[in-house]
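Geometric and topological summary
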Amino acid sequence: MGRLRLVVAGIDDTVPAVRRLVLAAPQGGELPSYTPGSHLVLDVPAGAGRERALANAYSLVGEGLHPSRYEIAVLLCDPHGGAAGGSAWVHTLRTGDPVTAMPPRSSFAPVQAATRHLLVAAGIGITPLVSHLRFHARWGREAELLYLHRAGRGALLDEVAELTGGVASPFHDRADLLSRLRERLLDQPIGTHLYTCGPTGFMDLVVSEAQEAGWPASRIHLEHFGLDDLDPGEPFDVTVGERRFEVASGVSLLEAMEQQGYAVPNLCRQGVCGECRLDLGPATTGVWHRDLYLTDDDKAAGDCAMACVSRALPAADGRSHLEVSL
Amino acid sequence: MTGTATESAPHPPHYTSVPDWSREPLVQPVDPLGRVHTVIEVVDGDRVATRAVVAGWLAALAGAQVRHHTCEDTSAAVAALEDDLVAARVGHRVLVAGSADACLAVRAAGVRAGLADDEMGFGVVSVATRTVWCVHCSAATVAELALDDVVACSGCTRNLLVYPHVSRRTGQHLGFMVDAEEA
Ligand code: FES
């Protein structure tokens, strides 16, 4: 996997607990382009309380055409509260520090055919949507933003004000945002797509409001990172060669394989880095991919899966099975 | 993880541009999640069967906001749909009953107006007739045809193979000369 070698070129800690980090090539110059809503996966070294190396995904703030810098906004998640320590590490970086990353990957792009975009963000979930807003502003696309954040904790407020002409005044109260959202969901022309990013509970609310207003699934798009966001899923069984074992609900294939003594390479354990990719054999009944790494074509082929997040889907007879070929 | 809210559904193994309901007559159910429903009845084929399909839908939609149009032919149906969609809001659903040929043409108008596949449903009463678009002269030929049949192009008289591909934006089947290689 080709890593990008970057250095920290700028830090902005103005908003409490939200660090804006600018990364650039060590000698300057152009970085790989990316589509709006893409994320960057940073390598997080072991040490300072981290037992092993990690990889964490962060949404890019920019728009992505011929960039000379990558900018991310990282919310500090408390390792004592169960976070793996990636964001805490980002908050210790200093200007000039080297950082390696995988090139940006797209997972939450604006729908090209859409005639209008309704964006609904909460907290740090504003990051990929600012990237969308920049793109829409550049191409003159119609976009509307509803943004919820705690008073005094809003990230990227200057960009939001600039890109929405100041009309998207943020909400500090969830109930206020929801009542405005209900109104706006009823009044979007055909061709509008909805994008939401924020904590899982928030996005669930947005999705259920949209469904309530008659929005079909194909117009609703959401983005979230993190293992605890994922549905525990149903149990399924796995064969690796002659061995057969079960993966219980709430346990990942990666964890189950580790318990069985297999060493599966991994970094992020949340479906973003690509390290834990496994080849699957034809006895596989179906794959619920859930990763942000494989392309749509890879997923449609159904012959590989990411051990950290993917699970088996049942066949018509109800059996759920993955045949792993190591 | 990311994607549309339907992400948990597995991909169909082989995608094809020819909908099942244009291979054999099928009636899709109403979508009770819709807020407003346009129901289009295209009566240039089997009127009785078409009426029965629409009656079933209207019963299932009792109490919902419904705009029912009875249209004499495909172009009237397309006009009725386009008219309804001008001021329509997301939450709108469209149901079309009639021949597969009419349904494909009306679906194409819906696609051009920005409707998604999960906002349209079809009730097909016959699949005998197909419209074939000639890749050589761009004429459209309408005839009683099965997929993979051969038909003389109404524009250039070339013998066209009715290829199993339907354009989403026109609703027409792709047709090209059978012996193109030897010609
Ligand atoms: S460990 Fe990173 S994708 Fe699975």
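A closer look at the overall build of chain B
Looking only at helices and strands, one finds 3 helices and 10 strands in chain B. Its helices and strands in sequence order give chain B the pattern β-β-α-β-α-β-α-β-β-β-β-β-β, from N to C terminus. Within the span of chain B, comprising 183 residues, buried residues form 44% of the whole. Look at the contacts in chain B between residues 6 or more apart in sequence, and 64% of them connect residues 24 or more apart. Surface exposure of chain B reaches about 8700 Å², of which carbon and sulfur atoms provide 54%.

Things to note about the domain arrangement of chain B
Residue and element names in this part refer to chain B. Taken domain by domain, chain B consists of domain 1 (20-126) and domain 2 (129-182). Between the C-alpha centres of domain 1 and domain 2 there is a distance of 25 Å. Broken down residue by residue, the surface that domain 1 buries against domain 2 is led by Asp-101, Leu-104 and Val-111, which jointly contribute 43%. One can count 1 salt bridge joining domain 1 with domain 2. In this assembly, domain 1 and domain 2 are joined by 4 residue pairs in polar contact (both at pLDDT 80 or more). By residue class, the composition of the side of domain 1 that touches domain 2 is 4 nonpolar, 1 polar and 5 charged.

Structural notes on the sheet that holds strand E9 (residues 159-166) of chain B
Residue and element names in this part refer to chain B. A sheet is described by the order of its strands in space; here 5 strands give the open sequence E7-E6-E10-E9-E8, paired in mixed fashion. Because the sheet does not close on itself, it has two edges, and the strands there are strand E7 (140-144) and strand E8 (150-152). Direction aside, neighbouring strands of the sheet carry axes that sit 45° apart on average. Pairing geometry for E8 and E9, over 3 bridges, is antiparallel. Residue pairing across strands places Ala-152 opposite Asn-159, the latter belonging to E9.

Examining the packing of aromatic side chains
Residue and element names in this part refer to chain A. All chains considered together, the criterion is met by 6 aromatic pairs over all chains. Between Phe-135 and Trp-139, the ring centres sit 6.4 Å apart and the planes meet at 55°, which makes this aromatic pair tilted. Of this pair, Phe-135 and Trp-139 both sit in helix H2 (residues 126-139), separated by 4 residues, roughly a single helical turn. For Phe-135, a relative accessible area of 11% puts it in the buried group. A cation over a ring is seen here: Arg-105 above Tyr-293, with NZ or CZ 4.0 Å from the ring centre. Here the guanidinium or amino end of Arg-290 rests over the ring plane of Trp-288, the centre of that ring lying 4.4 Å away.

Observations concerning the packing of helix H4 (residues 174-185) of chain A against helix H5 (residues 200-212) of chain A
When two helices pack together, their arrangement is given by the angle between the helix axes and by the axis-to-axis distance. All names here are of chain A. Contact pair H4 / H5: the axes reach a minimum separation of 10 Å and the direction vectors enclose 30°. As summarised for this structure, H4 and H5 are arranged roughly parallel, according to the angle between their axes. Here the hand of the crossing between H4 and H5 comes out right-handed. Residues Arg-174, Leu-177, Leu-178, Leu-181, Arg-182 and Leu-185 of H4 form the contact with H5, whose own contacting residues are Gly-201, Phe-202, Leu-205, Val-206, Glu-209 and Ala-210. Looking at side-chain class alone, the contact of H4 with H5 contains 8 nonpolar, 1 polar and 3 charged residues.

Considering the environment of Gln-259 of chain A
By the secondary structure assignment, Gln-259 of chain A is in helix H6 (residues 253-259). For Gln-259 of chain A and Leu-119 of chain A, which are 140 residues apart along the polypeptide, the C-alpha to C-alpha distance reads 42 Å.

What to know about the environment of Met-257 of chain A
All names here are of chain A. With respect to the helices and strands, Met-257 occurs in helix H6. Along the sequence, Met-257 and Glu-246 sit 11 residues apart, while their C-alpha atoms lie 9.8 Å from each other. Apart from residues no more than four positions distant in its own chain, Met-257 is found in contact with Val-240, Phe-245, Tyr-262, Val-264, Leu-278, Val-324 and Leu-326.

Quick look at the sheet that holds strand E17 (residues 321-325) of chain A
All names here are of chain A. Strand order across the open sheet formed by 5 strands is E12-E11-E17-E13-E15, with mixed pairing between neighbours. Strands at the two margins of the open sheet, each flanked by one partner only, are strand E12 (243-247) and strand E15 (304-306). Taken pair by pair, the neighbouring strands of this sheet meet at an average axis angle of 40°, ignoring direction. As paired elements, strand E11 (residues 236-240) and E17 share 4 bridges and run parallel to each other. Bridge pairing in E17 places Val-238 opposite Leu-322.

Section: the pairing of strand E5 (residues 70-75) of chain A
Residue and element names in this part refer to chain A. The element E5 is largely enclosed, with a buried count of 5 among its 6 residues. Of the strand pairs in this sheet, strand E2 (residues 18-24) and E5 are connected by 6 bridges, and their pairing is antiparallel. Looking across to E5, one finds that Val-18 is bridged to Leu-75.

Thresholds applied
- Residues numbered from 1 in each chain as written.
- Chains lettered and ligands numbered in written order.
- Predicted model: local features only at pLDDT ≥ 70, side-chain atom pairs only at ≥ 80, totals over all residues.
- Heavy atoms only, no water.
- Helix = DSSP H or I, 4+ residues; strand = E, 2+ residues; numbered from the N terminus.
- Buried < 20%, exposed > 50% of the residue type's maximum accessible area, 1.4 Å probe, protein only.
- Contact = heavy atoms within 4.5 Å.
- Areas by Shrake-Rupley, 256 points an atom, 1.4 Å probe, with all protein chains shown as cover.
- Domains from an automatic or database assignment.
- Buried area = accessible area lost by both parts, 1.4 Å probe.
- Salt bridge = Lys/Arg side-chain N within 4 Å of Asp/Glu carboxyl O.
- Polar contact = N/O pair within 3.5 Å; in protein donor to acceptor, adjacent residues only side chain to side chain.
- Nonpolar A, V, L, I, M, F, W, Y, C, P; charged D, E, K, R; others polar.
- Pairing = 2+ DSSP bridges.
- Axes fitted to C-alpha atoms, helices over the stretch in contact; angles between N-to-C directions.
- Phe/Tyr/Trp six-rings, centres within 6.5 Å; stacked < 30°, edge-to-face > 60°.
- Lys NZ or Arg CZ within 6 Å of the ring centre and 35° of its normal.
- Parallel < 35°, antiparallel > 145°, perpendicular 65-115°, else oblique.
- Left-handed = near helix turned anticlockwise from the far one by under 90°.

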